[in-house]
Amino acid sequence: MAAFDTTRPSTGLSAGRPSIFTSAFAALAGWNDARVTRRELSKLTARELDDIGLCYGDIEEIATRSGR
């Protein structure tokens, strides 16, 4: 698993602005988080979803929210 250090201060020409690579990485990570969340919630039964206060109609909204 790769680690991404975000504690270093920004320096150079792009100080204060995210680079295109950082933005692309963040978008890809968000998409993957939403995909994983959607897949895992879809595996649950209606009873299990009800136990955590959700229904099948909530899965897309929850997955989209987790991908941001």
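Each chain carries its own residue numbering, running from 1 in the written order of its sequence. pLDDT decides what is reported in this predicted model: residues at 70 or higher carry local features, side-chain atom pairs at 80 or more are listed and counted, and totals for whole chains, interfaces and linings draw on all residues regardless. Excluding hydrogens and water, the side-chain figures rest on all heavy atoms present in the structure.

Engineer: What am I meant to see in the overall build of the chain here?
Structural biologist: Counting its regular elements, the chain contains three helices and zero strands. Strands are runs of DSSP state E lasting at least 2 residues, helices are runs of H or I lasting at least 4, and numbering of each runs from the N terminus. Ordering the α and β elements of the chain from the N terminus gives α-α-α. Looking at the chain residue by residue over its 68 residues, the buried ones come to 10%. Calculation of accessible area relied on Shrake-Rupley with a 1.4 Å probe; when residues are assessed, cover is drawn exclusively from the protein chains displayed. Carbon and sulfur atoms make up 59% of the accessible area of the chain, which amounts to about 5800 Å² in all. For each residue, the accessible area found with a 1.4 Å probe, counting protein chains only, is set against the maximum for its type, and the residue is called buried under 20%, exposed over 50%, and partly exposed in between.

Engineer: Explain helix α1 (residues 20-42) here, please?
Structural biologist: Residues spaced three or four apart along an α-helix point in a common direction, a consequence of the helix completing one turn every 3.6 residues. The end-to-end C-alpha distance of α1 is 33 Å, a good match for the 33 Å that 23 residues give at a rise of 1.5 Å each. Every buried residue belonging to α1 is among Gly-30, Ala-34 and Leu-41, and all of these are buried. Residue count minus one, scaled by 1.5 Å, sets the expected span of a helix.

Engineer: How should I be thinking about the confidence of the model for the chain in this particular structure?
Structural biologist: Detail in the predicted coordinates should be disregarded across regions flagged by low pLDDT. On average, the chain scores 83 in pLDDT, and the residues at 70 or more come to 72%. The least confident element of the chain is helix α3 (residues 59-66), whose mean pLDDT is 87; the most confident is helix α2 (residues 46-51), at 96. Per-residue confidence from the predictor is reported as pLDDT, which spans 0 to 100.

Engineer: Explain the pattern of salt bridges to me, please; I cannot follow it from the model alone.
Structural biologist: Any two side chains of opposite charge can pair, on the condition that their charged atoms come close. Counted as salt bridges are all cases of a side-chain nitrogen of Lys or Arg within 4 Å of a carboxyl oxygen of Asp or Glu. Here the structure, examined in full by the defined rule, presents four salt bridges. Arg-39 serves as the salt-bridge partner of Glu-40, at 3.4 Å between the closest nitrogen and oxygen. Of the residues examined, Glu-40 reaches a relative accessible area of 37% and is grouped as partly exposed. Assessed through its relative accessible area of 40%, Arg-39 is described here as partly exposed.

Engineer: What is the right way to read the environment of Leu-54 from this model?
Structural biologist: By secondary structure assignment, the location of Leu-54 is in the loop between α2 and α3. For Leu-54 and Leu-41, which are 13 residues apart along the polypeptide, the C-alpha to C-alpha distance reads 9.5 Å. Here, residues are in contact when the closest pair of their heavy atoms is within 4.5 Å. Those residues in contact with Leu-54 that sit more than four places away from it in its chain are Leu-41, Leu-49 and Ile-62.

Engineer: Which parts of the structure should I look at to understand the environment of Leu-44?
Structural biologist: The topology assignment puts Leu-44 in the loop between α1 and α2. Along the primary structure Leu-44 and Cys-55 are separated by 11 residues, whereas in three dimensions their C-alpha atoms are 9.9 Å apart. Beyond its immediate sequence surroundings of up to four residues, Leu-44 is in contact with Leu-49, Ile-52 and Tyr-56.

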